[in-house]
Amino acid sequence: MKHLFLKLTPEPIVLLYHKILALLAALVYRFPSRHLIVIGVTGTNGKTTVCNLLWHLLNEAGFSSGLATTINFKIGKRGWVNRTKQGMQGRFQLQKLLRRMVEEGCQYAVIETTSEGIKQSRHLGIRYDVAVFTNLTPEHTEAHGSFENYKRAKGELFRA
């Protein structure tokens, strides 16, 4: 049903739908990113690796940190597998995870931030303090319609 709705609805309405959901999720979970130093990692390749390296460095330096990637999640020293394999969680799942990080005393959150997630406004309602860019190659242009659109989606993280 949702896919049919999205297919039949004009793109500006779909974009508005995504934005409203993102802001609603942030509101429901009381804007948890305001209580964290959030690091977003984007790029065509290497996002998960860089996120895990940053999480490890932060924890070794004595900072309690959370992590959200395609492969895994971590809150402090506790970690678990991302069974969805979704690069950037849905708006409500991501905000809920950030809220748990806050409640468990994390100071930092490292988030894999995908172009598809940005295109669907999953980053809205998250206050990013640091943006990391790994690289850009024309691998996901079919999802964005063109390389320019893909590049523009990646650039949105730096405007957030």
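Note that the structure is predicted; figures quoted are calculated from it, not measured. (Residues numbered from 1 in each chain as written. Predicted model: local features only at pLDDT ≥ 70, side-chain atom pairs only at ≥ 80, totals over all residues. Heavy atoms only, no water.)

**Student:** Would you take a moment to explain the sheet that holds strand β4 (residues 78-81) for this structure?
**Tutor:** Sheet strands associate in pairs through backbone hydrogen bonding, adopting either a parallel or an antiparallel arrangement. Taken together, six strands build an open sheet; the order of strands is β4-β3-β2-β5-β1-β6 and the sheet is mixed. At either end of the open sheet lies a strand with only one pairing partner, and these are β4 and β6 (130-133). Looking at each pair of strands side by side, their axes are set apart by 15° on average, direction ignored. Pairing analysis gives four bridges linking strand β1 (residues 37-42) to β6, with the strands arranged parallel. What sits directly across from V41, in β6, is V132. Docked against the sheet, helix α3 (residues 47-60) engages β1, β2 (65-68), β3 (72-75), β5 (108-112) and β6, running at close to 170° with respect to β5. (Pairing = 2+ DSSP bridges. Helix = DSSP H or I, 4+ residues; strand = E, 2+ residues; numbered from the N terminus. Axes fitted to C-alpha atoms, helices over the stretch in contact; angles between N-to-C directions. Contact = heavy atoms within 4.5 Å.)

**Student:** Explain the side chain of H18 to me, please; I cannot follow it from the model alone.
**Tutor:** Checked against the element boundaries, H18 lands in helix α2 (residues 11-28). In contact with H18, not counting residues within four places along its chain, are R91, Q120 and S121.

**Student:** I keep staring at the nonpolar core and nothing clicks. Help me out?
**Tutor:** One broad trend across soluble globular proteins is that nonpolar side chains are buried collectively. Counting residues in hydrophobic clusters, the biggest one holds 17 residues, and the most contacted among them are L98 and M101. Per-element tally for this core: the top contributor is helix α4 (residues 91-103), with four residues. If you look at the next biggest cluster of nonpolar residues, it comprises eight residues, including C51, W55, L58 and L67. (Core = buried A, V, L, I, M, F, W, Y, C linked by side-chain atoms within 4.5 Å. Buried < 20%, exposed > 50% of the residue type's maximum accessible area, 1.4 Å probe, protein only.)

**Student:** Got a minute to help me understand the pairing of β3 in this structure?
**Tutor:** One face of the sheet, then the other: side chains in a regular strand alternate in exactly this way. Alternating residues of β3 divide into N72 and K74 and F73 and I75, and every residue in both groups is buried. With three bridges connecting them, β2 and β3 associate as antiparallel partners. Note that in β3 the partner of L67 across the bridge is K74. From the end of β2 to the start of β3, which pair antiparallel, there are three residues.

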